[in-house]
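Here is how the chains run, residue by residue.
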Amino acid sequence: MTTSRRGESNTADVDWMTISIYLGLVLTGWLMIYAVGYRGEENSSLFDMGTRHGSQLVWIGVSITVGFVIMLIDGKMFRTFGYPIYIIACLFLLYVLVAGRVIAGSQSWFDLGFFRFQPSEVAKFATCLALATFLGPYNANLQTFRNRAIAIGIILLPMGLILLQGDAGSALVFSSLLIVLYREGMPPPLYILMFTMIILTVMALMFDSTFPIILGLTLVASGILVNALRTNRPKIIFFSFAVAALAVYNIYPEYELYVLGTTGLVFLILLIQKLRSKRRQLAILLTVGLVFGSGYTTVVNYAFYKVLKPHQQDRILVWLRPSKVDPLGALYNVTWSKRAIGSGGLTGKGFLDGNITKLNYVPEQVTDFIFCTVGEEQGFVGAFAIIMLFLLLLLRVLFIAERQRSKFTRIYAYGVASILFFHLLVNVGMTMGIMPVIGIPLPFISYGGSSLMAFTVLVAVLLRLDSDRLSVFR
Amino acid sequence: MQDQFQGRKYVIQGLFIVTTAILLLKAVQLQLIDTSLREQASANVIQKINKYPSRGLVYDRNEKLMVNNKAIYDLMVTYDQVKDIDTTKFCQLLGISREVFIKKLNPNFASRRYSKSKPFVFLKKISSETYARFQESLYEFPGFFVELRNVRGYAFNTGSHVLGYIGEVNEKHLKKDPYYQSGDYIGISGVEFAYEEYLRGVRGVDYVLRDNLGRIVGSYEKGERDTASVSGKDLISSLDLDLQMYGEELLQNKRGGIVAIEPSSGEILAMVSMPSYDPNLLTIGRGRGDAYTTLARDSLKPLFNRAIGAQYPPGSIFKPVMALVALQEGVTEVNRPISCRGGYIYKTLRIGCHGHPTAMNVSQAIQHSCNAYFCQIFRDVVDKNGFSRASQGLDVWTDHLYHFGLGKRLGSDVPNELTGNVPTSEDYDKMHRKGAWTSPYIVSLGIGQGELLITPLQMANISATIANKGYYYSPHLVKSFKNDTTQIPLKYRTKHFTKIDTSHFRPVIDGMEDVVLAGTARIAQIPGIKVCGKTGTAENPHGADHSVFIAFAPKDNPKIAIAVFVENGGYGSRYAGPISSLMIEKYLNGEISDARKYLEERMKNANLNK
Ligand SMILES: [Zn+2]
């Protein structure tokens, strides 16, 4: 079964469903960009490179052409040149770090004169390839510490370089590749730990001091200890105590030290009692967890509120504590974004009729906040359609991944799915105010040739690899 | 190899589906459930409207209004909302040209300061009259709205240096105090500057939603973020309006200053600096810039507050202090006679004196202002520890002067107070050579000349300190806050003591009384009031000497201590003495007795600026 079928014979195996979804999203994106720029009285040509919709149309053409060319390349190329491509991408990152043009506060563009591109976009594709190359071989696995470290290293290298450029948003995208590692056997406790850390971090940022968090953690830990008892009475007593402690804390915040002290004492008593009995392990685990949790949240809280500058704090506060942010300052984008989406209602104001969209109240409307236009002009129906279209695409890519006989293609496909997933979650989430505002585009829809080209390549290579699925056995 | 982790694909599928569901639920909440967003769908601007508090008023000590507020208006515009405007009518109403209109409407949008979707100032400082005309047609001009501002108005043309003025905040203010926003007004000088935090109040803010025609369609988040403005505190200044105006009248056409202090409190009753200017010239409004430039270029320096910014050798008015220091240091006695042979003579050194009977004691020395007497006792202080240890003696003298508030800022609330100069032993070590100078070198300090420099405010403070027999309060311009229990700052309620025992003041004060009764300043006598004073003539290498006088009255319960100096006025008794006595009479009696009207006329009419 190793006969290589090239050229025309591939078309039969191309995943037309993915291509349809792709085209649907790209077309929607173009219409939305046109809507943002539309001013009614103007009568400019659709292909006018001076307008955004004009230039985007050209990029759509170029991207589709590039996608088509990729379909003609021998799939073996990607298997063979995975590492070289990865190394070149990292060198690009290194280069822009040194000599990149400063745009929007971060040095992340690479200027070729006729066209500027973000090496971080290339790095996403290259990192997927590198992971696939590393874990693709039949005998490669994530069961040894060494392999786990290398796999994580492959992700961290470009991530770190992009972070150094000051582009935190694009750097965070790479964390989504942990999903790929999970699928390939990375142990779950790592993910549980990470999840816990994220929760603790968010909690630490939600309050001015970590007092309520420590109080809460102590109560929860004590509760777990009490719950392990056999009789019911202490449970009832403890429950009443917990309610009383929380009530006192809420009503008389000035007594917080006493409340925490008493709670701590209760925990200690329970702890000693546990240590005497046989279930020591639980007691020790809880103590370690409590100390770590309190310490960690305190450090994060301090670092955030005392070390970070106000404008850096604002990016997170907009997300977690909007009431602390100046509505005409940092909160401005998100407020207008939510207002635009909300004003769309069920069916929207109609194509080209979104007035908030038009008045430029939302900066970066065509790039990062394009989803607002969908929400305002097409309403919930439009938002639902876009989100479902993305879900369909994600599940289709997963389906493609799982139908491979080649581990290489599967891993690559999971990489593509993870990256698309992260972009969808963060971009759409931030326009609706449930994610922090980190400027990453909505795949296929946001304005910008560099991003569209990158996502097209990502998907096209997947389709190319997938079309070989019957001929490649590895 | 079997794919043992195949089951995990379900976890990942689940993650994707759940996340997508969360996004959809949020969309449901925003678009279908939360109707508030849709109700305000027509609103497309959240606008922050500043509510400027009215600035605290300033009264004189008898609660006569000195500084009030006048309304002016700033016209604001939001570029994106401007449409279909009759520009001809608009420009006509505001009295601006079409070019100005276009220029103002198109600031540099590339700069971060301006945005097409956020309001910016279109035209500042519109008068009430223009506003009244314009306001009726405001509805025809979508995108424009008006913010009310308070600027200062002055009921009387007086006290401009002391009251100071307000202006727009600059970059420095913005950096220093986060309270301020671009466009805010702030006290720049005088009382306005010193009591900015009391006078300014607290700015309030409303967040409103406007539709694309600029109409307010509701308040943002139900007004939960709105705050009320709090008016500034009304300040009752220590000034006596009548006395202040009278002082300015007496000093007209002359260069100089008057500082009058209530000794028992340190309150400044009057602070005059001539030449002056009309405070209304520097109130915020169109044309203020030109007025300021004109004043700044005037060769008579009307913007300069001489009362705290000019430094002179005090001359003879320093003698009472010299006497007190010598008495305290025990180097002389009250009843010590010192002969004067027409001046102070030591080897080849000669400091002249005028003809007068021999001073038999300290009082008479002050009465006759005998140079020989004070040169001698100054040397006695400096040579206290021996002729070769002049620097030790001078340090003692210097320290006493510091305690009289000389050579340092008095800590008054008049901004930009100068320190004057008290020379120290180090200064002379540098000037000559360490140990190479002795008391004869510096003997002219004993009669208030040489390197000694003091400001008129310090002169008045010396007078107040003697009147109090040994202590002073830092002179200040604030008495209290109207209808408010806020106390004036603690530093103005704290006594500063000299290092002189109270008992030493009696002979000095007697001597100062004799100056007026039978000494160099008989012209300063006021029927029925015991005035204590001391004339001085400050040497001026550039022209005629300056006329200086310090005084306080009544002797037994001083209500007013005063210092007057008149540049190029000659002897102290020529201008400064009479003006001081007229000020005292005016303050204590409310009017000038007929017998002294001629003096008043003479002072008012004297013109030294020719
Ligand atoms: Zn003499």
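Just so you know, these numbers come straight off a predicted model, no measurement behind them.

Novice: Whenever I open this one, the coordination of the zinc ion confuses me. Can you help?
Specialist: When a metal holds four donors in a tetrahedron, each ideal angle between them is 109.5 degrees; when it holds six in an octahedron, the ideal angles are 90 or 180 degrees. All names here are of chain B. Protein ligation of the zinc ion involves Cys340 (SG), Cys353 (SG), His356 (NE2) and Cys370 (SG), the donor distances falling in the range 2.0 to 2.4 Å. Each of the four donor atoms bound to the zinc ion contributes to angles spanning 100 to 128°, and the resulting shape is tetrahedral. Mapped onto the sequence, the residues coordinating the zinc ion show the spacing C-x12-C-x2-H-x13-C. With a gap of 17 residues between them, cysteine 353 in the loop between strand 14 (349-352) and helix 14 (362-368) and cysteine 370 in the loop between helix 14 and helix 15 (371-382) connect regions that are remote in the sequence. For the pair shown, cysteine 353 and cysteine 370 are each scored as buried.

Novice: Please clarify how the pattern of salt bridges should be interpreted in this entry.
Specialist: One side chain can pair with another of opposite charge once the charged atoms of both are near each other. Under the counting rule described, the total for this entry stands at 33 salt bridges over all chains. The shortest N-O distance in the salt bridge between lysine 124 of chain A and glutamate 121 of chain A comes to 3.1 Å. Placement of both lysine 124 of chain A and glutamate 121 of chain A in helix 5 (residues 119-135) is noted, with a separation of three residues, approximately one turn of the helix. In this structure, lysine 124 of chain A and glutamate 121 of chain A share a single accessibility class: buried. The partner of glutamate 267 of chain B in a salt bridge is arginine 61 of chain B, and the shortest N-O contact between them spans 3.0 Å. Pair noted here: glutamate 267 of chain B is in strand 12 (residues 267-274) and arginine 61 of chain B is in the loop between strand 2 (58-59) and strand 3 (65-77), with a separation of 206 residues, a long-range link. Judged by its relative accessible area of 8%, glutamate 267 of chain B falls in the buried class. Note on arginine 61 of chain B: relative accessible area 12%, which makes it buried.

Novice: Would you explain the interface of chain B and chain A in this entry?
Specialist: Size of an interface, as often reported, equals the accessible area lost when the parts are brought together. Each partner contributes residues to the interface: chain B has 40 residues there, and chain A has 52 residues. Carbon and sulfur atoms supply 68% of the area buried between chain B and chain A, which totals about 4,300 Å² over both sides. Here chain B is connected to chain A by zero salt bridges. The interface formed by chain B and chain A includes six residue pairs in polar contact (both at pLDDT 80 or more). Looking at the side of chain B that touches chain A, the elements that each hand over two or more residues are helix 1 (8-33), helix 2 (35-39), strand 1 (43-51) and strand 8 (204-211) of chain B. Looking at the side of chain B that touches chain A, the element that brings in the most residues is helix 1 of chain B, giving 19 residues.

Novice: Looking at this structure, I do not really get the confidence of the model for chain B. What am I missing?
Specialist: Predicted coordinates in regions of low pLDDT should not be interpreted in detail. Residue-level pLDDT values for chain B average 86, and 96% of them are 70 or greater. The ipTM, which scores confidence in the relative placement of chains, is 0.88 for this predicted complex, and the corresponding pTM is 0.62.

Novice: Would you take a moment to explain unusual backbone geometry for this structure?
Specialist: One can expect most non-glycine residues to show negative phi and most peptide bonds to be in trans. All names here are of chain B. The residue after methionine 274, namely proline 275, is reached through a cis peptide bond having omega -5°. Looking at where proline 275 falls in the secondary structure, it is placed in the loop between strand 12 and helix 11 (288-297). Of the consecutive residues alanine 553 and proline 554, the connecting peptide bond is found in the cis state with omega at -15°. Of note in this structure, glutamate 63 is not a glycine but carries a positive phi near 60°. The residue glutamate 63 is located in the loop between strand 2 and strand 3 in this model. Even without being a glycine, serine 369 presents a positive backbone phi close to 55°. Structurally, the position occupied by serine 369 is in the loop between helix 14 and helix 15. With relative accessibility at 6%, the residue serine 369 sits in the buried group.

Novice: I keep staring at helix 9 (residues 188-206) of chain A and nothing clicks. Help me out?
Specialist: Residue and element names in this part refer to chain A. With 19 residues, helix 9 ought to run about 27 Å at 1.5 Å a step, and its terminal C-alpha atoms sit 27 Å apart, in line with that. Listed as buried for helix 9 are Tyr191, Leu200, Ala204 and Leu205. If you follow the buried residues of helix 9, they end up packed against helix 8 (178-183), helix 10 (211-227), helix 13 (280-307) and helix 14 (310-320).

Novice: Explain a nonpolar patch on the surface here, please?
Specialist: Residue and element names in this part refer to chain A. Side chains of Val248, Ile251, Tyr252, Tyr255, Leu257 and Tyr258 sit close together on the surface and give an oily, nonpolar patch of about 670 Å² of accessible area. Contributions of two or more residues to the nonpolar patch are made by helix 11 (233-251) and helix 12 (256-276). In this structure, tyrosine 255 sits in the loop between helix 11 and helix 12. Look at tyrosine 255 and you get partly exposed, because its relative accessible area is 40%.

Novice: How do you make sense of the confidence of the model for chain A when you look at a structure like this?
Specialist: Residue and element names in this part refer to chain A. Across chain A, the average pLDDT comes to 82, with 86% of residues at 70 or higher. Strand 1 (residues 101-103) is the least confidently modelled element of chain A, averaging 51 in pLDDT, while helix 18 (residues 407-431) averages 94, the highest of any element. The low-confidence segment residues 1-11, where pLDDT is below 50, has 14 contacts with residues more than four positions distant or belonging to other chains.

Novice: Is there a simple way to think about the environment of glycine 187 of chain B in this case?
Specialist: All names here are of chain B. Inspection of the secondary structure puts glycine 187 in strand 7 (residues 185-187). Taking relative accessible area as the criterion, glycine 187 reaches 4% and is therefore assigned buried. With 18 residues separating them in the primary sequence, glycine 187 and valine 169 have C-alpha atoms 8.8 Å apart. Not counting residues up to four positions away in its chain, the partners in contact with glycine 187 are Arg55, Tyr165, Ile166, Glu192, Phe193 and Glu196.

Novice: What is the right way to look at the packing of aromatic side chains in this model?
Specialist: Aromatic ring pairs are described here by two measures, namely the spacing of the ring centres and the angle between the planes. In total, this model carries 32 aromatic pairs over all chains according to the counting rule given. On the numbers, 5.1 Å between centres and 70° between planes, the contact of phenylalanine 90 of chain B with phenylalanine 101 of chain B is edge-to-face. Within this pair, whereas phenylalanine 90 of chain B is found in helix 3 (residues 87-94), its partner phenylalanine 101 of chain B is found in helix 4 (residues 98-105), the two being separated by 11 residues in sequence. Here phenylalanine 90 of chain B falls in the buried class, since its relative accessible area comes to 0%. On the basis of relative accessibility, which here comes to 6%, the residue phenylalanine 101 of chain B falls in the buried class. Taken together, the ring pairs in this structure connect Phe90, Phe101, Phe122, Phe134, Phe141 and Phe144 of chain B into an aromatic cluster. Over the face of the ring belonging to tyrosine 182 of chain A we find arginine 8 of chain B, whose NZ or CZ atom lies 4.4 Å from the ring centre. A cation over an aromatic ring shows up here: arginine 203 of chain B above the ring of tyrosine 179 of chain B, its NZ or CZ 4.6 Å from the ring centre.

Novice: What exactly am I supposed to notice about the side chain of histidine 423 of chain A here?
Specialist: Mapped onto the fold, histidine 423 of chain A is located in helix 18. With residues near it in sequence (within four places) discarded, histidine 423 of chain A still touches Lys124, Val173, Val428, Ile440, Pro441, Pro443 and Phe455 of chain A.

Novice: Can you walk me through the sheet that holds strand 12 of chain B in this structure?
Specialist: Whenever strands of a sheet pair, they do so through backbone hydrogen bonds, lying parallel or antiparallel. Residues and elements named next belong to chain B. Strand order across the open sheet formed by five strands is 12-11-20-19-18, with antiparallel pairing between neighbours. Because the sheet does not close on itself, it has two edges, and the strands there are strand 12 and strand 18 (532-538). Pairs of neighbouring strands in the sheet enclose a mean axial angle of 10°, with direction left out of account. Pairing geometry for strand 19 (residues 546-553) and strand 20 (residues 560-566), over seven bridges, is antiparallel. Paired with isoleucine 550 across the bridge in strand 20 is alanine 563. Contacts between helix 10 (residues 241-250) and the sheet are confined to strand 11 (256-262), strand 12 and strand 20, with strand 12 contributing the most and set at about 25° to the helix.

Criteria and cut-off values
Here the residue index of a chain counts from 1 through its sequence in written order. Whichever chain is written first becomes A and whichever ligand is written first becomes 1, with later ones labelled in order. Per-residue local features of the predicted model are confined to residues with pLDDT of at least 70, and side-chain atom pairs are confined, for both listing and counting, to 80 or more; whole-chain, interface and lining totals are unaffected and use all residues. As a rule here, side-chain values cover all heavy atoms of the structure and leave hydrogens and water aside. Water is not among the atoms examined, so metal sites may look incomplete; donors are the N, O and S atoms within 2.8 Å of the metal, or within 3.2 Å for Na, K and Ca. Metal sites are grouped by the angles between bound donors: all angles between 85 and 135 degrees with four donors is tetrahedral, opposite donors over 155 degrees apart with the others between 65 and 115 is square planar for four donors and octahedral for six, and any other pattern is irregular. Only DSSP runs of H or I covering at least 4 residues are called helices, and only runs of E covering at least 2 are called strands; the numbering of each starts at the N terminus. Per-residue accessibility, obtained with a 1.4 Å probe over protein chains only, is compared with the maximum for each type, and a residue is labelled buried under 20%, exposed over 50%, and partly exposed between these values. Only one rule defines a salt bridge in this text: a Lys or Arg side-chain nitrogen within 4 Å of an Asp or Glu carboxyl oxygen. When checking whether two residues touch, look at their non-hydrogen atoms; a contact exists if any pair is within 4.5 Å. Simply put, the buried area is the total loss of 1.4 Å probe accessible area from both parts when two parts are fitted together. Polar contacts, as counted here, are pairs of nitrogen or oxygen atoms within 3.5 Å of one another; within protein the pair requires one atom able to donate a hydrogen and one able to accept it, and residues that are adjacent in sequence qualify only if both atoms are side-chain atoms. Confidence of the predictor at the level of single residues is captured by pLDDT, which takes values from 0 to 100. The span one expects for a helix is its residue count, reduced by one, times 1.5 Å. Surface patches are defined over residues having more than 30% relative accessible area and no salt bridge, joining like charges when they lie within 9 Å and nonpolar side chains (Val, Leu, Ile, Met, Phe, Trp, Tyr) when within 5 Å. Note on areas: Shrake-Rupley, 1.4 Å probe, and residue coverage restricted to the protein chains presented here. Any two of the Phe, Tyr and Trp rings considered here, Trp counted by its six-membered ring, make a pair once their centres fall within 6.5 Å; the pair's planes then place it as stacked at under 30 degrees, edge-to-face at over 60, or tilted in between. As a reminder, the over-ring test applies to NZ of lysine and CZ of arginine, requiring each to be within 6 Å of the ring centre and within 35 degrees of the ring normal. Here, strands pair whenever DSSP counts at least two bridges between them. Angular values range over 0 to 180 degrees, each being the angle between N-to-C directions of two axes fitted as lines to C-alpha atoms, with helices fitted over their stretch in contact.

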